[in-house]
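Structural characterization, general
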Amino acid sequence: SIDLALAIEESGAAALCVHGRTLAQRPKYAEKHGVESLAPDWDAIAEIAKMLKIPVIANGGIESRMDAQRCLSETGCAAVMSAEALLEKPDLFVEGLEEPAIPRMLRLSREFLDLAERHPSPLKYPPTKSHLFKILHRLIGVDQAQARRKAAAGEALTEREKLKLALMCCPVSDFHAIR
């Protein structure tokens, strides 16, 4: 709400990131709550941006470079933020990419693994594989739980299901096996 945004600004915040969706509109909750539209409300973000003196960062619905440019234009925000889409497409804001989808996903996956190997996470359960699965999601496109149930029941698995389960079984620190 505008009152909350103003209170945050008055408390000394240097900037404010505003998401244009409610909790019920998040894709993983939308069906449960019977929400039809997952489109973020950029008009609401624009209203907040007009009221504040600090920079406002728009979040929600940024799936491409064009979306980012359109959001900036429509909201008047200082910047945009993307979360899920950037996990899936780390090169989201790169201009002029003509690379086909599958080679692009594989290249980005290898680049990510190179970085993860050079800069190990101090976490007990690093997000390496979960980030890798985000990058490869559209290529693999398999429900992990369903693949596990099929494997446990001795049912035949598709090549994609086999790949998903093989990657799931690799130790997170075994970059050779993951590759």
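Before reading on, note that the structure itself is shown above.
Overview of the structure. Not measured: the values here are computed from a predicted model.

**With respect to the side chain of Glu-9**
Tracing the backbone through its elements, the reader meets Glu-9 in helix H1 (residues 2-10). One buried charged residue, Glu-9, forms no salt bridge at all, with the nearest opposite charge on Lys-53 at 4.9 Å. Among the polar contacts made by the side chain of Glu-9, one reaches the main-chain amide nitrogen of Lys-53 at a distance of 2.5 Å. If sequence neighbours within four positions are ignored, Glu-9 has contacts with Leu-52, Lys-53 and Ile-54.

**Let's talk about the environment of Ala-83**
Following the sequence through the fold, Ala-83 ends up in the loop between strand S3 (79-81) and helix H5 (84-88). Spatially, the C-alpha atom of Ala-83 lies 9.6 Å from that of Gly-61, the residues being 22 residues apart in sequence.

**Remarks on the pairing of strand S2 (residues 56-59)**
Bridging between strand S1 (residues 16-19) and S2 involves 4 bridges; their strand directions are parallel. Paired with Leu-16 across the bridge in S2 is Val-56. With 3 bridges connecting them, S2 and S3 associate as parallel partners. Within the sheet, the bridge partner assigned to Ile-57 lies in S3 and is Ala-79. Read as a crossover between parallel neighbours, the route from S2 over helix H4 (residues 65-75) to S3 is right-handed.

About the criteria used
Residues numbered from 1 in each chain as written. Predicted model: local features only at pLDDT ≥ 70, side-chain atom pairs only at ≥ 80, totals over all residues. Heavy atoms only, no water. Helix = DSSP H or I, 4+ residues; strand = E, 2+ residues; numbered from the N terminus. Buried < 20%, exposed > 50% of the residue type's maximum accessible area, 1.4 Å probe, protein only. Lys, Arg positive; Asp, Glu negative; His and termini not counted. Salt bridge = Lys/Arg side-chain N within 4 Å of Asp/Glu carboxyl O. Polar contact = N/O pair within 3.5 Å; in protein donor to acceptor, adjacent residues only side chain to side chain. Contact = heavy atoms within 4.5 Å. Pairing = 2+ DSSP bridges. Right-handed = clockwise from strand over helix to strand, strands pointing away.

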